[in-house]
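Working through the structure, step by step
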Amino acid sequence: MDESRTGKDIENERNKKWKMAFTARMRQIVPGLFLGNIEASHKRDILQENHINAIVSLTNARWVWWNSATREAGIPEHRHRWVQCADSSTQDLLAYMSDICDFIDQMVSPALSSLSSLPVDHKYTTNDEPRGTPSEAILIHCDLGISRSPTIIIAYLMRKLRIQRVDILNFVQSKQKVKPSPNLTRQLEVWEETGYQVWENEDRTIPKAPYKVFLEDRAALLKKKGLTGNEPLAPQNL
């Protein structure tokens, strides 16, 4: 066993993650659509600087705290969609994917609404470049902005632009270092295979074949780990 990996390196990695979590940061992926972390979502100054007027939160934080924090930051409740979820091997984001994408469309800014292809330049990069920031924008965030929130951004851009998952992933990674988990990567594959709608019927009772296979595999994993079938809402190493 590599002793340095189990000692100092692990501690440094842990400290780096804590720093990432508690340093407010966001980056514009395409005009009007930002990727960020949990701290950026309730910092009035950074939200106003980037003209954020709507937020999608993917986190296991308590809604009572979240609701009050974002309202204090100037985001009204009806412009904040909160999905309580964990970054684990059994979390099913596909169950919420269409609703989240619909919400983004409802909150969409003129810049994002008019987007018909991926930008070819790097004008829209960071919150340090306010000249490239539209007058309205939506923030998609999770805890660190590495797995859950980029997954939603990729899914949304796939549906909106009808561009393949790999191309969207490469584009997002050119803007920000992201790494959707293997579980969420598979869900993006299912999202693509089902044509951006995982249900056969409007009542959402009949999953399309690729989603059905995913749900069956998820059920087997939950059973193997002795879980009840309800996704754990606290971070767990599953």
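Residues numbered from 1 in each chain as written. Predicted model: local features only at pLDDT ≥ 70, side-chain atom pairs only at ≥ 80, totals over all residues. Heavy atoms only, no water.

With an unreviewed UniProt entry as reference, the protein chain is termed protein-tyrosine-phosphatase, source organism Penicillium vulpinum. Taken directly from UniProt, the Sequence similarities (unreviewed entry) text for the protein chain runs: "Belongs to the protein-tyrosine phosphatase family. Non-receptor class dual specificity subfamily." (UniProt positions renumbered as here; feature names shortened; annotations may be inferred.)

**Observations concerning the overall build of the protein chain**
Counting its regular elements, the protein chain contains 10 helices and 5 strands. Burial statistics for the protein chain: of 238 residues in total, 48% are counted as buried. Long-range pairs, those at least 24 residues apart, make up 71% of the contacts in the protein chain with a sequence separation of at least 6. Roughly 12,300 Å² of accessible area belongs to the protein chain as shown, and the carbon and sulfur atoms make up 50% of that amount. (Helix = DSSP H or I, 4+ residues; strand = E, 2+ residues; numbered from the N terminus. Buried < 20%, exposed > 50% of the residue type's maximum accessible area, 1.4 Å probe, protein only. Contact = heavy atoms within 4.5 Å. Areas by Shrake-Rupley, 256 points an atom, 1.4 Å probe, with all protein chains shown as cover.)

**So, the sheet that holds strand E4 (residues 80-84)**
Across the sheet, 5 strands lie side by side as E1-E2-E5-E3-E4; this open sheet has mixed pairing. Of all the strands in the sheet, the pair left with one neighbour each is strand E1 (26-30) and E4. Within this sheet the neighbouring strands show an average axis-to-axis angle of 20 degrees, counted without direction. Judged from the 4 bridges that link them, E1 and strand E2 (residues 33-36) form a sheet pairing that is antiparallel. Counterpart to Arg27 in the pairing with E2 is Leu35. The strands that helix H5 (residues 94-107) touches are strand E3 (52-59), E4 and strand E5 (137-141); relative to E3, the one it contacts most, it runs at about 170 degrees. (Pairing = 2+ DSSP bridges. Axes fitted to C-alpha atoms, helices over the stretch in contact; angles between N-to-C directions.)

**Concerning the packing of helix H7 (residues 148-161) against helix H9 (residues 182-193)**
Contact pair H7 / H9: the axes reach a minimum separation of 10 Å and the direction vectors enclose 15 degrees. By the angle between their axes, H7 is roughly parallel relative to H9. Regarding H7 and H9, the two cross each other, and that crossing is right-handed. In contact with Arg148, Thr151, Ile154, Ala155, Met158 and Arg159 of H7, H9 contributes Leu184, Leu188, Trp191 and Glu192. Its residues assigned to classes, the contact of H7 with H9 comprises 6 nonpolar, 1 polar and 3 charged. (Parallel < 35°, antiparallel > 145°, perpendicular 65-115°, else oblique. Left-handed = near helix turned anticlockwise from the far one by under 90°. Nonpolar A, V, L, I, M, F, W, Y, C, P; charged D, E, K, R; others polar.)

**Looking at unusual backbone geometry**
The residue Arg162 is not glycine, and still its phi comes out positive at about 55 degrees. Checked against the element boundaries, Arg162 lands in the loop between H7 and helix H8 (165-175). Arg162 sits in the exposed class, given a relative accessible area of 55%. Of note, the phi angle at Tyr196 is positive, near 70 degrees, even though the residue is not glycine. Mapping Tyr196 onto the fold places it in the loop between H9 and helix H10 (209-224).

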